[in-house]
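# Coordinates in review
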Amino acid sequence: MWTPTLGNQPTQYVKMPAAQRLFLQRWIEMTSPEVDFRWRLRPVSDGLLRRELAAVETTGADKRRLNGSTLYAALLDDEWWHTPRVMLGRLTAAQVQADPLGSAEQMAHGLILAGYSPQTLLGAQRVLLNGQRVQDQLDELHRWHAERTAARTFRLAVPVTRGGTMIKSYGWSQPYFDNLEPVFQQLVTAAETAGHAARTPRYLVAEVTANDPTAAAMTFLEHYDRYRLQLRPPHRPVNIGRDIVVVHDEYPAPKGRTVRFPMPTRYAYDQPEAVDGRMTQRVLAAAETDPRIHTLLLQYLMALRELERGSVRDAFQALLPLLDVGFECDEGPWAQRTAFARTIEIAAILLAAQTPRALFRHLQQYLRRPCPVNAKGARGPWATGDDAADLALLTGPRWHELAAAYAWNGLFLQRRAELLALVTDPRPAVPRIRRTARWDMARAVRARHAFAHRGEPMTDAYGLSVALEAAYLCLVARCAAVERGIGFAELVTRLDAATADDSAPLNWPLLVAEGEWALARCTG
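Every value quoted in this text rests on a predicted model; they were computed, and no experiment measured them. (Residues numbered from 1 in each chain as written. Predicted model: local features only at pLDDT ≥ 70, side-chain atom pairs only at ≥ 80, totals over all residues. Heavy atoms only, no water.)

Our focus in this paragraph is the pairing of strand β3 (residues 152-162). For a regular strand, side chains alternate in direction, first toward one face of the sheet and then toward the other. Relative to strand β4 (residues 203-210), β3 runs antiparallel, the two sharing eight bridges. Along β4, the bridge assignment pairs arginine 152 with alanine 210. Pairing between β3 and strand β6 (residues 245-249): four bridges, direction antiparallel. Among the inter-strand pairings, arginine 155 is bridged to a residue of β6, identified as histidine 248. Taken together, the two bridges between β3 and strand β5 (residues 239-240) define a ladder with antiparallel strand orientation. Paired with valine 160 across the two strands is isoleucine 240, which belongs to β5. (Pairing = 2+ DSSP bridges. Helix = DSSP H or I, 4+ residues; strand = E, 2+ residues; numbered from the N terminus.)

Time to look at the packing of aromatic side chains. Within this structure, the stated rule accounts for 17 aromatic pairs. Between phenylalanine 177 and tyrosine 203, the aromatic rings sit 6.2 Å apart at their centres with planes inclined by 50°, giving tilted as the arrangement. Here phenylalanine 177, found in the loop between β3 and α10 (182-193), pairs with tyrosine 203, found in strand β4; they are 26 residues apart in sequence, far enough to count as distant. For tyrosine 203, a relative accessible area of 2% corresponds to the buried category. Here the aromatic rings of tyrosine 300 and tyrosine 472 are separated by 5.9 Å at their centres, their planes lie at 40°, and the arrangement is tilted. (Phe/Tyr/Trp six-rings, centres within 6.5 Å; stacked < 30°, edge-to-face > 60°. Buried < 20%, exposed > 50% of the residue type's maximum accessible area, 1.4 Å probe, protein only.)

Turning to helix α13 (residues 292-308), a few remarks are in order. In a regular helix each residue adds 1.5 Å, so 17 residues correspond to 24 Å; α13 covers 25 Å between its end C-alpha atoms and thus fits that length. Along α13, the positions that sit buried rather than exposed are Arg292, Ile293, Leu296, Leu297, Gln299, Tyr300, Ala303, Leu304, Glu306 and Leu307. Remark: glycine 310 follows α13 within two positions and exhibits a positive phi of approximately 95°. (Expected span 1.5 Å × (residues − 1).)

The next thing to look at is the side chain of arginine 357. Counting through the fold element by element, arginine 357 comes out in helix α17 (residues 355-367). Those residues in contact with arginine 357 that sit more than four places away from it in its chain are Asp387, Leu511, Val512, Ala513, Glu514, Gly515 and Glu516. (Contact = heavy atoms within 4.5 Å.)

Now for helix α16 (residues 339-353). If you check α16, its first and last C-alpha atoms are 21 Å apart, about what 15 residues at 1.5 Å a residue would give, namely 21 Å. Counting buried positions along α16 gives 13 out of 15 residues, so the element sits mostly inside the fold.

The next subject is the pattern of salt bridges. By the definition in use, this model includes 38 salt bridges. Arginine 443 serves as the salt-bridge partner of glutamate 52, at 2.8 Å between the closest nitrogen and oxygen. Here arginine 443 lies in helix α21 (residues 429-454) and glutamate 52 lies in helix α3 (residues 46-54), a separation of 391 residues in the sequence. Like arginine 443, glutamate 52 is buried. Put simply, glutamate 181 and arginine 155 hold a salt bridge, and the shortest N to O gap is 2.6 Å. Note that glutamate 181 is positioned in the loop between β3 and α10 and arginine 155 in strand β3, a separation of 26 residues in sequence. You can call glutamate 181 partly exposed: its relative accessible area is 30%. The exposure class assigned to arginine 155 is partly exposed, which follows from its relative accessible area of 27%. Ionic contacts of the salt-bridge type, sharing partners, join the residues Arg42, Glu52, Glu79, Asp440, Arg443 and Arg446 into one network. (Salt bridge = Lys/Arg side-chain N within 4 Å of Asp/Glu carboxyl O.)

See below:
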């Protein structure tokens, strides 16, 4: 979600043609860390998909298996089938005028498939705010991609806060500051002078392959996690600072370009749902009937604690038991499925069922922020702090006030119309979310297996964000089933029918108004 602030040139923003403004809004929505992952770009590149496809083995009777599983291979094939074959084509101003949302998605998806990081694409909004003609902006973005489409080598320098044992195979070095390349020294000195980052005696220098400097820094952090996992006592890892990373890009030739910026956040997603004291009491009461709930609560709280400490790997690791225990079913057809197949499917069902509620929460972010482009009496914020009252603002007789205040905000009006449509007919949005969630959960479960069986670190922040919400929804759904007096398997079966392509009835308005705790009551 993005509402213009004084730092984002609101006057210029409002003066844009409506189609250009909607293109920009959707672009920022897809790349902003403040937005629910359902409306963001999935950081799945063409290179990642091709590497996974290359690992698929064909056995007897032409069965395809990935990591020994036909299900993994089938889901990967389905994801590949729905992936555009052409990553990026040239857009025209006429296309943007006719379909601003689709045009923004087409270009952004092409760039993410090419391997660019969402953080870099978020920074591309400066091109869309430079005041040029729409066609000139589109051509500049397309030219920027064409000149950098090939992955290349980046050289990084990161401050060392404590020395430790190096692993030779990584090819890293720890030169003193005086032995750094001159351009690295200049940028480190400039950061120290500006008060952004203190100088350290030594720096860790590494080389990685990526498509942009931010992606290079994120790739280095993945390598660093792997390095820390491989060391064993009494060896201590090298500790690095996060205030600055200096990155040299070999493009443009012959000298390239060197930049500095704070080390990117490993978890650039909206924070997962918290568990307060009142909810804890409610969960513990339900755990007296369903003992699995207590294990779920502990594992989820452990994951939140590790994420608060900044460790994607440890947060993912805390969820390991939950992925098996949380989705267990002792009866019905779900009991016949393997543990990982049941986890993937039930998690996808819960994530899909939550879609209308997630969209409502997404709209609430607009209501919580003032609009500096409006007159003082109509700036807001409009949020009341109560879900029922906020929903009444969006759907009740006061909607005309909000419609007038947000007349310039085409994306807000579009999302509100989608919410009204979802509560009457969830198709095709809910089945589409369910299909995508299958792919994401399969990748998360494969990462779990890679850690448990091969000791590989779990560094997929996007996968963690999906798994955390699935875990939270599983916890609440089990509690809701207990309170309603039905089994968890029965609740999942009902939600399965409601989120399928040919969906069964569900009380979607109640789910939007009261949230995930109403899951059992919504099914009848």
